[in-house]
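Coordinate inspection notes
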Amino acid sequence: MDDDHSPPPPPDSGGPPPPPPVASGSPTDFLKGVVGKRVVVRLTSGVDYRGVLSCLDGYMNIALEQTEEHVNGNVTNRYGDAFIRGNNVLYISADEDF
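Residues numbered from 1 in each chain as written. Predicted model: local features only at pLDDT ≥ 70, side-chain atom pairs only at ≥ 80, totals over all residues. Heavy atoms only, no water.

As recorded in an unreviewed UniProt entry, the protein goes by U6 snRNA-associated Sm-like protein LSm6 and comes from Schizopora paradoxa. A UniProt comment under Sequence similarities (unreviewed entry) is attached to the protein, and it reads "Belongs to the snRNP Sm proteins family. SmF/LSm6 subfamily." Listed in UniProt under the heading Subunit (unreviewed entry), the comment for the protein reads: "Component of the heptameric LSM1-LSM7 complex, which consists of LSM1, LSM2, LSM3, LSM4, LSM5, LSM6 and LSM7. Component of the heptameric LSM2-LSM8 complex, which consists of LSM2, LSM3, LSM4, LSM5, LSM6, LSM7 and LSM8. The LSm subunits form a seven-membered ring structure with a doughnut shape." (UniProt positions renumbered as here; feature names shortened; annotations may be inferred.)

1. Some words on the sheet that holds strand 2 (residues 48-56)
On the basis of which strands lie adjacent, the open sheet formed by five strands has the order 4-3-2-1-5 and antiparallel pairing. For this open sheet the edge positions go to strand 4 (74-84) and strand 5 (89-94), each flanked by a neighbour on one side alone. Averaged over all neighbouring strand pairs, the angle between strand axes comes to 25°, with direction disregarded. Where strand 2 lies against strand 3 (residues 62-71), seven bridges are found, and the strand directions are antiparallel. In the strand pairing of strand 3, C55 is matched with A63. Seen against the sheet, helix 1 (residues 27-34) touches strand 1 (38-43), strand 2 and strand 5 and runs at an angle of roughly 60° to strand 5. (Pairing = 2+ DSSP bridges. Helix = DSSP H or I, 4+ residues; strand = E, 2+ residues; numbered from the N terminus. Axes fitted to C-alpha atoms, helices over the stretch in contact; angles between N-to-C directions. Contact = heavy atoms within 4.5 Å.)

2. What to know about unusual backbone geometry
Its identity is not glycine, yet M60 carries a phi of approximately 65°, on the positive side. Note that M60 resides in the loop between strand 2 and strand 3. On the basis of relative accessible area, M60 is assigned to the partly exposed category, the value being 26%. The residue N72 is not glycine, and still its phi comes out positive at about 55°. As for its position among the elements, N72 is in the loop between strand 3 and strand 4. Judged by its relative accessible area of 75%, N72 is exposed. (Buried < 20%, exposed > 50% of the residue type's maximum accessible area, 1.4 Å probe, protein only.)

Printed below as a string of structure tokens:
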């Protein structure tokens, strides 16, 4: 017969922290929100283009204004307008709050 009347162990509080809150909204909402704002466009080659997103279409073809080309973190070219074919785009991120 076991007469152990010790309290149960405390719940495990050493687990992983809860995940951060997830931003609501679809990718389409994000893209609509950054038109006219500064963005970073990363190509599959690793080259970044930073500029003002003028417009884009359903194929992710992108038009940028005031564009800078960045290779390995260094500005290599500046363009007034740049057009990027969508199949080269890895991602688009906001370069400013929107």
